[in-house]
Amino acid sequence: MLRFSPALTGSLSRRLRDHMSNIVSSARIHSPHSNTTSFITTDLERSIMDQLEVLPSVSRLSDHVVRVLGQNPGKFTLQGTNTYLIGKQNPYILIDTAEGRDEYISVLDSALRETAKPSNPNEPDVSDIIISHWHPDHVGGLPSVLSLLRRLWDERNPSLPFKPPRLHKLPQNSDEPVIAFGATNTLPSIISSLPANAFTPSPSGNPLHDLHDFQTFAASGLRVLHTPGHTSDSICLHVPQDRALYTADTVLGQGTAVFEDLSAYLKSLNRMLNFSEGEGYTSLYPGHGPVIPKGKEMISGYIQHRLEREAQILKVLNSPPPRNGDSDDAPPRWTTWTIVTTMYAAYPESLWLPAAHSVDLHLKKLQEDKVVRRVSGELQHTSWEVIDILSSSPVDRKSN
Ligand SMILES: [Zn+2]
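Scoring rules and cut-offs
- Residues numbered from 1 in each chain as written.
- Predicted model: local features only at pLDDT ≥ 70, side-chain atom pairs only at ≥ 80, totals over all residues.
- Helix = DSSP H or I, 4+ residues; strand = E, 2+ residues; numbered from the N terminus.
- Buried ≥ 20, exposed ≤ 12 C-beta atoms within 10 Å, placed from the backbone.
- Contact = placed C-beta atoms within 7 Å.
- Core = buried A, V, L, I, M, F, W, Y, C linked by C-beta atoms within 7 Å.
- Pairing = 2+ DSSP bridges.
- Axes fitted to C-alpha atoms, helices over the stretch in contact; angles between N-to-C directions.
- pLDDT = per-residue confidence, 0-100.

Visitor: Give a description of the overall build of the chain that names residues and reports values.
Guide: A count of helices and strands for the chain gives 11 helices and 16 strands. Taking all 400 residues of the chain together, 42% fall into the buried category. In the chain, the proportion of contacts linking residues at least 24 apart, taken out of those at least 6 apart, comes to 68%.

Visitor: An account of the nonpolar core is needed here, citing residue identities and associated values.
Guide: In this structure, Leu85, Ile86, Leu237 and Tyr246 are the most contacted members of the largest nonpolar core, which totals 65 residues. Those residues in contact with Leu85 that sit more than four places away from it in its chain are Val66, Val68, Tyr92, Leu94, Ala111 and Ala116. The next biggest cluster of nonpolar side chains, apart from the first, holds 14 residues, and it includes Ile313, Leu317, Trp334 and Val340.

Visitor: Any details on the sheet that holds strand 12 (residues 244-248)? Residues and values, ideally.
Guide: Ordered by their spatial adjacency, 4 strands build an open sheet running 10-11-12-13, and the pairing between neighbours is mixed. Each of the sheet's edge strands pairs with one partner strand only, and the pair in question is strand 10 (223-226) and strand 13 (283-286). Averaged over neighbouring strand pairs, the angle between their axes works out to 25° when direction is ignored. Direction of pairing for strand 10 relative to strand 11 (residues 235-239): antiparallel, over a ladder of 4 bridges. Residue pairing in the sheet places Arg223 in a bridge with His238 of strand 11.

Visitor: Go over the pairing of strand 2 (residues 65-69), please, and point to the residues and values.
Guide: Burial within strand 2 is extensive, with 5 of its 5 residues counted as buried. Neither face of strand 2 is exposed, since Val65, Arg67 and Leu69 on one face and Val66 and Val68 on the opposite face are all buried. Summarising the sheet, strand 1 (residues 58-60) and strand 2 pair through 3 bridges and their orientation is antiparallel. Paired with Ser59 across the two strands is Arg67, which belongs to strand 2. Where strand 1 hands over to strand 2, the hairpin turn is made up of 4 residues, counted between the paired strands. Across 5 bridges, the pairing between strand 2 and strand 3 (residues 82-86) is antiparallel. Across the sheet, Val68 pairs through a bridge with Thr83, a residue of strand 3.

Visitor: If you had to explain the sheet that holds strand 9 (residues 208-210) to someone new, which residues and values would you point to?
Guide: Ordered by their spatial adjacency, 7 strands build an open sheet running 1-2-3-4-5-6-9, and the pairing between neighbours is mixed. Looking along the sheet, the strands with just one partner apiece sit at the ends: strand 1 and strand 9. Taking each pair of neighbouring strands and ignoring which way they run, the sheet shows an average axis angle of 25°. Relative to strand 6 (residues 166-169), strand 5 (residues 126-131) is paired through 4 bridges, and the arrangement is parallel. Considered in strand 6, the bridge of Ile129 is made with Leu167. Most of the contacts of helix 3 (residues 102-115) go to strand 2, to which it runs at about 155°, and overall it touches strand 1, strand 2 and strand 3.

Visitor: Before we move on, could you go through unusual backbone geometry and cite the residues and values that matter?
Guide: Put simply, Asn90 and Pro91 share a cis peptide bond, and its omega is 0°. Looking at the secondary structure, you find Pro91 in the loop between strand 3 and strand 4 (92-95). In this structure, Ala98 is a non-glycine residue whose phi angle is positive, near 60°. Along the chain, Ala98 falls in the loop between strand 4 and helix 3. Even without a glycine there, the phi angle at Arg243 is positive, about 45°. Mapped onto the fold, Arg243 is located in the loop between strand 11 and strand 12.

Visitor: Which residues make up the pairing of strand 11, and what values go with them?
Guide: In terms of burial, strand 11 is largely enclosed, as 5 of its 5 residues are buried. Across the two faces of strand 11 the burial is the same, with Ile235, Leu237 and Val239 and Cys236 and His238 all buried. As judged from the 3 bridges shared by strand 11 and strand 12, these two strands associate in the antiparallel manner. Looking at the pairing, Val239 lines up with Ala244 of strand 12. Connecting strand 11 to the next strand, strand 12, in antiparallel fashion are 4 residues, including Arg243 with a positive phi near 45°.

Visitor: Explain the environment of Tyr84 to me, using residue names and the numbers behind them.
Guide: Position of Tyr84 relative to the elements: it lies in strand 3. C-beta crowding within 10 Å serves as the criterion here: with 24 such atoms nearby, Tyr84 is assigned to the buried category. Sequence separation of Tyr84 and Arg67 is 17 residues, and the distance between their C-alpha atoms is 4.5 Å. If we ignore the near neighbours within four places in the chain, the residues touching Tyr84 are Val65, Arg67, Ile95, Tyr246 and Tyr285.

Visitor: Outline the confidence of the model for the chain, listing residues and values.
Guide: With 80% of its residues at a pLDDT of 70 or more, the chain shows a mean pLDDT of 84. Scored below 50 in pLDDT, residues 396-400 shows 10 contacts in the model against residues more than four places distant or in partner chains.

Structural data, given as structure tokens:
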């Protein structure tokens, strides 16, 4: 099962808590960007928000890392988006820019004047901004962060030319959808709206410097790990001095994370585990929620949680399907929807639709693994059959 921080182990039963955190996380990127209906009942929402660990707006996590909260708490973002200033002294690297609330800029301003004040006044506060992935709650603050950095510099060095920061991101495939989970990719329009002198372009003239897997930032030793799954462009960053791994939204400080592609996601989680053996990290710095001191256990818990869900789905698929109502000769088959309504029979119906999204991603992975086959139908009416009971049994046995 998944491990939870003690703050979330209050009155909700473990099962419900486990499930609700899935729903919270899976709804998390549905909603802030659209009018999508919230799938969570208000009482449960409140209950979950009340049980989140309170995080200070600015926290020095180590000699090298200061965490600044995005001031955008909510049922979809937990305590808000975490942004991190990396480095022992300025110029720092800033990881992510939150969603663009004015309150965040005030908090980042005071963090850069007090907690992470410049020891090299003739150097800028921030030399590099690394964007972990395209979601709006990580990139929306870019314009206002750049204005703040300019303002701080002009105040300190009115007569010296400003060295604007470099912006780094893993390149996205051009054929990738700009809308996922109801969230629109606002990054291209944000980038094109930036004044040309607000950032230092790449040597080829692009606003974004392309990150690549295993790239290392010399001064800080920060190392990029491409970990697709939450989104295809998601990265983690190894912070060697802290023996920590920044995980963005791939692993969250509380609850479980949502993903676009389960096969890629599980591969990334396993890659992160292997990386803990080689390069060495103990704790995780997530994109939302508190520091996770036992990183490896948390990642193993995430993997276990997904395998258990997969086993539950296979168990249902291997049991006799419900009859097709009035229908004729077609043999009864499980559909995504009947799997969901069977697995989640004990939960309110309002939770079935978001659960169907997750079950659908599991079924797609099982299809990729050649464990199940899509027979017919579309969306939640898609019907499925198990291809080979023997090949699916190892996972199934694990759960029993
Ligand atoms: Zn995200």
